[in-house]
Protein chains: 2
Amino acid sequence: MGRKGILIVVSGFSGAGKGTLMKELVRAYDHYALSVSMTTRAPRLGETEGKEYFFVTHEAFEEEIRREGLVEYARYCDNYYGTPREYVERQLEKGKDVILEIEIQGALKVKEKFPTALLMFVMPPSAAELKKRLVGRGTESPEVIARRLARAGEEAEGIEQYDFIVINDKLEECVGKMHSLIQAAHDAPGRNKEFIENMRKELEALQ
Amino acid sequence: MGRKGILIVVSGFSGAGKGTLMKELVRAYDHYALSVSMTTRAPRLGETEGKEYFFVTHEAFEEEIRREGLVEYARYCDNYYGTPREYVERQLEKGKDVILEIEIQGALKVKEKFPTALLMFVMPPSAAELKKRLVGRGTESPEVIARRLARAGEEAEGIEQYDFIVINDKLEECVGKMHSLIQAAHDAPGRNKEFIENMRKELEALQ
């Protein structure tokens, strides 16, 4: 079967460990390319241009919107965040599965534009474990933790729209699981239209 | 996540090697139970009651239809063929994934009754390879081969309704692939409603 890359959208509760999971996935297998978002917000300490984000001005970002250079974008707290299209398309062409980490609204927008995108939702093994991880970071105030838990509750409403849920219990097992799920997705009929069409033509020709 | 069994429907072109694949799948992993169909046709030489089929009279079969003892059934050439419900339900309860080998019409009926059923379509690597296998059996007349190829062409029209396509090239690889696909299917949100519902309740309780 033809192996074009799949666009993979990963969402999940804050504290579910998406970032670590995806870095490990990209490290462990060479099937994947991690998309880097573009943003107008200022770099934080330790963030590097082109690694965490591409940092651009408001004007540059709006120019990207105009020339349809973004797969999706959103505005939070007066800053833009978006996914540059060219990198994604180049990697898909090369057969890489491209991973975007975005929240549910963005995920559904991507699915509209790219119906063969695969949507994965990362969850902790339990809500109690999620709280424990957020508290354990030691960097967040009780208010922020409460807000994140409330936000998780809202996001949980949208899980049915995803193709797979991934329980992040043990990192290595979970990375292996994600890899299997993505590789399985390659075998859906909707991602193999050319193969099926060729088979039909061949069958006709043989009769 | 709760691990109730999934109902798996396997269809595919005659000559694609479904039977061998499924026997090997059940042998290689103990996740699976193979459903045995009930039929009114007479046993052929070498067929054993309860292995290839449960052989029953027309009256007994119609009694099963009346008491809703069948997951699905169909009538071909004056004989009934059907899937006994009790065995399927008992195995699913035990957490086994139950495999039914049925053609596309039956597959779609099962999907209607059991929306979480997983539909897999087995294909040869190419139409030419399919023809080669049918000819290679040496048991089928050119007319039968032509009819099977024509039938494959018709069945190919329905592939989009399946969840996964499975290319049967090398037996062992293909069995491993089927296993991965089925295990991936366990992680779809629609098959984990209880887990998601519990997570939502837990998150609410924590706030």
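Reading guide: rules and limits
- Residues numbered from 1 in each chain as written.
- Chains lettered and ligands numbered in written order.
- Predicted model: local features only at pLDDT ≥ 70, side-chain atom pairs only at ≥ 80, totals over all residues.
- Heavy atoms only, no water.
- Helix = DSSP H or I, 4+ residues; strand = E, 2+ residues; numbered from the N terminus.
- Buried < 20%, exposed > 50% of the residue type's maximum accessible area, 1.4 Å probe, protein only.
- Contact = heavy atoms within 4.5 Å.
- Pairing = 2+ DSSP bridges.
- Axes fitted to C-alpha atoms, helices over the stretch in contact; angles between N-to-C directions.
- Least-squares fit on C-alpha atoms with pLDDT ≥ 70 in both.
- Salt bridge = Lys/Arg side-chain N within 4 Å of Asp/Glu carboxyl O.

**Thoughts on the overall build of chain A**
For step 1, the next point in the chain: Within chain A, the regular secondary structure consists of eight helices and nine strands.
For step 2, the next point in the chain: The C-alpha extent of chain A, read off along each of the three principal axes, is 70 × 45 × 30 Å.
For step 3, the next point in the chain: A total of 207 residues make up chain A; the buried ones form 48% of that total.
For step 4, the next point in the chain: Taking as baseline every contact in chain A between residues at least 6 positions apart, the subset at least 24 positions apart corresponds to 67%.

**Some details on the sheet that holds strand S1 (residues 7-12) of chain A**
Residues and elements named next belong to chain A.
For step 1, the next point in the chain: Reading across from one edge, S2-S7-S1-S8-S9 is the order of the five strands in this open sheet, with parallel pairing throughout. Edge strands, defined here as strands with exactly one partner in the open sheet, are strand S2 (32-34) and strand S9 (164-167). Sheet twist, expressed as the mean angle between neighbouring strand axes with direction ignored, is 30°.
For step 2, the next point in the chain: Bridge count between strand S8 (residues 118-123) and S9: four bridges; the pairing is parallel. Bridging from a neighbouring strand, Phe 121 pairs with Ile 165 of S9.
For step 3, the next point in the chain: Helix-sheet contacts for helix H7 (residues 171-185) involve S1, S2, strand S7 (97-101), S8 and S9, and the interaxial angle to S9 is about 165°.

**A closer look at unusual backbone geometry**
Residue and element names in this part refer to chain B.
For step 1, the next point in the chain: A positive phi angle is found at Glu 68, which is not glycine, with a value near 55°.
For step 2, the next point in the chain: We classify Glu 68 as exposed; its relative accessible area is 61%.
For step 3, the next point in the chain: Phi is positive for Cys 77, which is not a glycine, with a value near 45°.
For step 4, the next point in the chain: Along the chain, Cys 77 turns up in the loop between strand S5 (70-76) and strand S6 (79-84).

**What about the environment of Ala 184 of chain B?**
For step 1, the next point in the chain: Topologically, Ala 184 of chain B is positioned in helix H7 (residues 171-185).
For step 2, the next point in the chain: For Ala 184 of chain B, the contacting residues outside a window of four places in its chain are Phe 164, Leu 181 and Ala 184 of chain A.

**What to know about the relation of the copies chain A and chain B**
For step 1, the next point in the chain: Superposition record for chain A on chain B: RMSD 0.0 Å, screw rotation 180°, translation along axis 0.0 Å. The symmetry that links the two subunits is that of a two-fold axis.
For step 2, the next point in the chain: Same-surface contact between copies: 100% of interface residues of chain A are shared with the interface of chain B.

**Topic: the pattern of salt bridges**
For step 1, the next point in the chain: According to the stated counting rule, one finds 33 salt bridges over all chains in the structure shown.
For step 2, the next point in the chain: The partner of Lys 132 of chain B in a salt bridge is Glu 129 of chain B, and the shortest N-O contact between them spans 3.7 Å. Linking Lys 132 of chain B with Glu 129 of chain B, this pair stays in helix H5 (residues 127-136), spanning three residues, or about one helical turn.
For step 3, the next point in the chain: Using a relative accessible area of 58% as the deciding quantity, one classes Lys 132 of chain B as exposed.
For step 4, the next point in the chain: Glu 129 of chain B sits in the partly exposed class, given a relative accessible area of 22%.
For step 5, the next point in the chain: What emerges from the salt-bridge pattern is a single network uniting Glu 157 and Glu 160 of chain A together with Glu 197 and Arg 200 of chain B.

Such coordinate-based values are descriptive only and should not be taken to indicate function.
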